[in-house]
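A look at the structure
Here's the letter readout for the chains.
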Amino acid sequence: MTTSTTRLTVAQALVRFLTAQYTERDGRRQRLIGATWGIFGHGNVAGLGQALVEYAAAMPFHQGRNEQAMVHAAVGYARQSNRLSAHAVTTSIGPGATNLVTGAALATVNHLPVLLLPGDVFAARPADPVLQQIEVPHAGDISVNDTLRPVSRYFDRITRPEALIPSALAAMRVLTDPVETGAVTLALPQDVQAEAYDWPEEFFAERVWTVRRPGADPTELAEAVRAVRAARRPVVIAGGGVHHSRAEDALAEFAEATRIPVASTQAGKGSLRHDHPQDVGGVGHTGTATADELARTADLVIGVGTRYTDFTTASGTLFTHPDVRFLNLNIAPFDGHKLAGLPLVADARSGLSELTEALIVHGYKVSDSYVTEYTEDKERWEQRVDACFEADEPDVRPTQPQVLGALDALVDESDILVNAAGSLPGDLHKLWRTRSYDQYHLEYGYSCMGYEIPAAIGVKLAAPERKVWALVGDGTYLMMPTEIVTAVQEGVAIKILLVQNHGYASIGGLSESVGGERFATAYRFTSDDGTYTGAPLPVDLAANAASLGIRVLRAKTVRDLRAALAEARAADTPTCVYVETETSDTVSGAPPAQAWWDVPVAETATRSSAVKARELYERHVSTRRRHL
C-alpha cells in the first residue's frame, strides 16, 4: 500500500498540523489552536516565521511585545474559552525562550492550556556555541529551554523531523486532557525547523479531541451520599473546576435542592451569582466573614473543583469543627484525596448532577435554622460592602473600595473583570458582586503581577462582544504595560482601570503585619535613613500609558471617576481610566482579613515590631490542624 506524502519543512508541517486540530465537548466542536502569538529572532524567524507566512490564511497571528505577556494573553484566551481552545506562542532562543518560564508556570498552576514553541540551538551543532547558547560543561544536550521542563505538563525537543509526529500528537493529548492540561512545550532547534521531510498526508488529517466528562464511581458516589446525609452544617467550597466544567447550573441545582451554602475560592467566584440565596461569597484569607464562619463551624466541607490552596484553608487553620470531614469532587484524583477527604473523582458537572439526584431521592435538606443563620449573616456582610462602596463626598479622591463601588454601579453581566495580584484581589474577593459565571477572572494560582493587561487582550479575543476590564495597580502596571501597544495595533478594545496608590499596597500591609515595617514597599524617594519614606515619585503613569497609544481618561475625584468609567465602557477603542486613590487610615477601606495566612515571622529580632509580630504568629500557628 502506497502512502501519499507531502514535502514540507518541520515548521510548515507543525503549523499545518495545528490548523487541523479540534476539540469537542457536549456536541460542540471548535479549533483547538485558535491563533499563534510570536516575537521573531534568529531562532525562529526562518522556520516558524516563514511557516506562519505560508499558512497565514489558516492560522491567525498576533504580534506580541514581551514573551511572558504573550503567554498571559494565551492563558486569558484559554480560560475564557473554557479550556476548549488555546493559543500557541513562538519565540527565538535565548532570552525570548526564558521569558516564557513565568507564563508557563502560571498556565500549569492554573491548569490552563497553552502551546509553547520556543526556538532552540542547532541540533546538528555545526557551530557550537551559537549566539545566546548556554554552555553546560557536563552535558551537551542542555539548552535554556530546559528551564521549561519543570513548569510544563509535557516537554519535548524535536531533534529529528520524524520525531515531530508522535510528539505533536502527545502535545495535543495533554492540552485537551482536563486533568493533565497546562503548559506544553515543543522545543524546536532552529536547523530542524527549516529541514524538509516527506510527511504522510494522514498527519494532516482533521482530528477531533474529545474532552471527557467522566461520571462518578458508584461506590464513591454512595459514600458521598452517606457523608452528606450525615452532615448538619455542610458547606460547599467551589473552585475553578466548576467553571472549567461549565458546572454552574449543576451547582445551582445542587444548592437549591439541598440548601447547602456555597463559598468560593478566587478561581471559583461566580460559580453562583452574588444574589443567589445559597451564595455566601469568597472563602479563606481574603474571604467574607459569612463564608469563613461557616467554614469554621462546618462538619462537612464539600470541595468542588478546588485545589485547597493555603489562601482557601487559611494555611490549615480555617476548618476547626472537631468532627469536620471533607468530600472532594474533582476530576483529578490528586486533588480528590487532599485533606484526607472522601474522593469523588468525576467531572464537576457530571458528579454534581449525580450527587443531586441521589440526595433528592433521600429528601435531604439542611435545617431551616441553618438557612436562616447564613442568610442573616450574608445580609450583614452586604451592609458592610455597601458601606465600603459608598462615597458621600463625590468631590474627593476615592478609596480603592470606592473605585470598585463606582465600577460595580456601572457594569452588568456582560462585563468581565481581569485581575491577578496586589491588594485588588483581596478587595475583589470580599466585595465584588459577580453577575455572571465568567465575569470574575482572577489569576490567583500564581498571583502574577503583569498578567492583567495581556490576559484582558486574550479574553477579549475569545469574547469580542464582551466588555473586558483590566484592573491594574501601579506596581503590576510597571511590570508589564507593553501589550497596550498590541491592543492599540490590533484594535482590541480592552478597558484598563489603572489605580495609583504609590507602591506595593498589599505587600506593604503584609510587611507591617510581620514586622517588616513596610520597608521598600512604597514608590517614594529614599530618606537619610535608607528607607523609602520620602515624597511620592513624580512618575506619571497616565502619560506613560498615553505614550503607548491608548486613550487615557484622568479621574481626580469620585465624580470624575464615575464619568470616566462610563465613557470608557461605551468606547469601542482601547481606553484607560487613571485614578489616584486615597490611602489615609482616616478613610474607609476594605474589611480586614477574616482568616489567617501563614507568612513566617523572624524568630528572633531586636525591633519591637518584629517581636510583637512573632508573638501573634505563634498564637496563630498553634491553631493549625492537620486533617488525617
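To start, this report covers the structure provided alongside it. (Residues numbered from 1 in each chain as written. Predicted model: local features only at pLDDT ≥ 70, side-chain atom pairs only at ≥ 80, totals over all residues. Heavy atoms only, no water.)

A look at the nonpolar core
For clarity, the threshold we go by: For this analysis, a nonpolar core means a set of buried residues of the types Ala, Val, Leu, Ile, Met, Phe, Trp, Tyr and Cys, connected via side-chain atoms within 4.5 Å. Throughout this description, buried means an accessible area under 20% of the type-specific maximum (1.4 Å probe, protein chains only), exposed means over 50%, and partly exposed covers the range between. We call two residues in contact when some of their heavy atoms are within 4.5 Å.
Within the largest apolar cluster, 54 residues are counted, with the highest numbers of intra-cluster contacts made by V301, I302 and L327. Not counting chain neighbours up to four residues away, the residues in contact with I302 comprise V228, P234, V235, V236, I237, F254, I260, Y308 and L327. Of all hydrophobic cores here, the second largest spans 47 residues; its members include A73, V75, L106 and I416.

A short note on the packing of helix α8 (residues 218–230) against helix α14 (residues 348–362)
Rules: Angular values range over 0 to 180 degrees, each being the angle between N-to-C directions of two axes fitted as lines to C-alpha atoms, with helices fitted over their stretch in contact. Helix and strand definitions follow DSSP, with helices as H or I runs of at least four residues and strands as E runs of at least two, each counted in order from the N terminus. Should an angle lie under 35 degrees it is considered roughly parallel, over 145 roughly antiparallel, and from 65 to 115 roughly perpendicular; all remaining angles are considered oblique. In a left-handed crossing the near helix is turned counterclockwise from the far helix by less than a right angle, and in a right-handed crossing that turn is clockwise.
As a packed pair, α8 and α14 sit with axes 10 Å apart at the nearest point and diverge in direction by 55°. Between α8 and α14, the angle is such that the two are oblique. With respect to the hand of their crossing, α8 and α14 are arranged in right-handed fashion. Contacts between α8 and α14 pair L221, A224, V225, V228 and R229 from the former with E354, L355, A358, L359 and H362 from the latter.

Overview of the sheet that holds strand β19 (residues 440–442)
In any sheet, the strands associate via hydrogen bonds between backbone groups, in a parallel or an antiparallel arrangement. The test is simple: Strand pairing is assigned whenever DSSP identifies at least 2 bridges connecting the two strands.
Sheet architecture is open: six strands sit in the order β19-β18-β20-β21-β23-β22, paired in parallel fashion. With partners counted over all chains shown, the strands left at the sheet margins are β19 and β22 (551–555), one partner each. Going from strand to strand, the sheet's axes swing by 20° on average, the running direction of each strand aside. Helix α18 (residues 452–462) contacts β18 (415–419), β19, β20 (467–473) and β21 (495–500) of the sheet and is inclined by roughly 175° relative to β20.

Considerations on the pattern of salt bridges
Heads up, the condition is: Any carboxyl oxygen of Asp or Glu within 4 Å of a side-chain nitrogen of Lys or Arg constitutes a salt bridge here.
All told, the structure shown has 34 salt bridges when counted by the stated rule. Of the charged contacts, one joins D146 and R149 as a salt bridge, the two residues approaching to 2.6 Å between their closest N and O atoms. With a closest N to O distance of 3.1 Å, E512 and R518 form a salt bridge. For E512, a relative accessible area of 49% gives the class partly exposed. Taking the relative accessible area as the measure of exposure, R518 reaches 39% and is therefore partly exposed. Each of D26, R213, D347 and R349 takes part in a single network of salt bridges with overlapping partners.

Concerning the pairing of β20
For β20, the buried fraction is high: six of the seven residues fall into the buried class. The pairing of β18 with β20 spans four bridges and is parallel. Paired with D415 across the two strands is K467, which belongs to β20. In the sheet, β20 pairs with β21 via five bridges, with the strands oriented parallel. When the sheet's bridge partners are listed, A470 is paired in β21 with I496.

Let's talk about the environment of L117
The residue L117 is located in strand β7 (residues 114–120) in this model. Residue classification places L117 among the buried residues on the basis of a relative accessible area of 3%. Taking the C-alpha atoms as reference, L117 lies 4.5 Å from T90; in sequence the two are 27 residues apart.

Examining the packing of aromatic side chains
The description of an aromatic ring pair rests on the distance of the ring centres and on the angle between the ring planes. Formally: Centre distance within 6.5 Å is the pairing criterion for rings of Phe, Tyr and Trp, where only the six-membered ring of Trp is used; planes under 30 degrees apart are then read as stacked, over 60 as edge-to-face, and the remainder as tilted. Two thresholds decide whether a charge sits over a ring: the Lys NZ or Arg CZ must be within 6 Å of the ring centre and within 35 degrees of the ring normal.
Evaluated as defined, the whole model comprises 13 aromatic pairs. When the centroid spacing of 4.6 Å and the interplanar angle of 10° are considered together, the rings of F17 and F203 count as stacked. Here F203 lies in the loop between β10 (196–200) and β11 (207–210) and F17 lies in helix α1 (residues 10–18), a separation of 186 residues in the sequence. Overall, F17 belongs to the buried group, its relative accessible area being 0%. For F203, a relative accessible area of 3% translates into the label buried. Across the ring face of Y440, the terminal group of K269 is positioned such that the distance to the ring centre comes to 5.5 Å. The ring of Y578 is capped by R554, whose NZ or CZ atom sits 5.8 Å from the centre of that ring.

Here's the deal with helix α24 (residues 608–621)
Cut-off, in case you're wondering: To estimate the expected span of a helix, subtract one from its residue number and multiply by 1.5 Å. The directions from the helix axis to the C-beta atoms form the arc being described.
Taking 1.5 Å of rise per residue, 14 residues should cover 20 Å, and α24 covers 20 Å from first to last C-alpha, within 8% of that figure. By the burial criterion, the buried members of α24 are A610, A613, R614 and Y617. Buried residues of α24, viewed axially, fall in a sector of 105°; they line one side. Opposite its buried face, α24 presents the exposed residues K612 and R619, each directed more than 90 degrees away. Of the surrounding elements, those touching the buried residues of α24 are α21 (505–513).

Take it as geometry only, folks, not as evidence of what the structure does.
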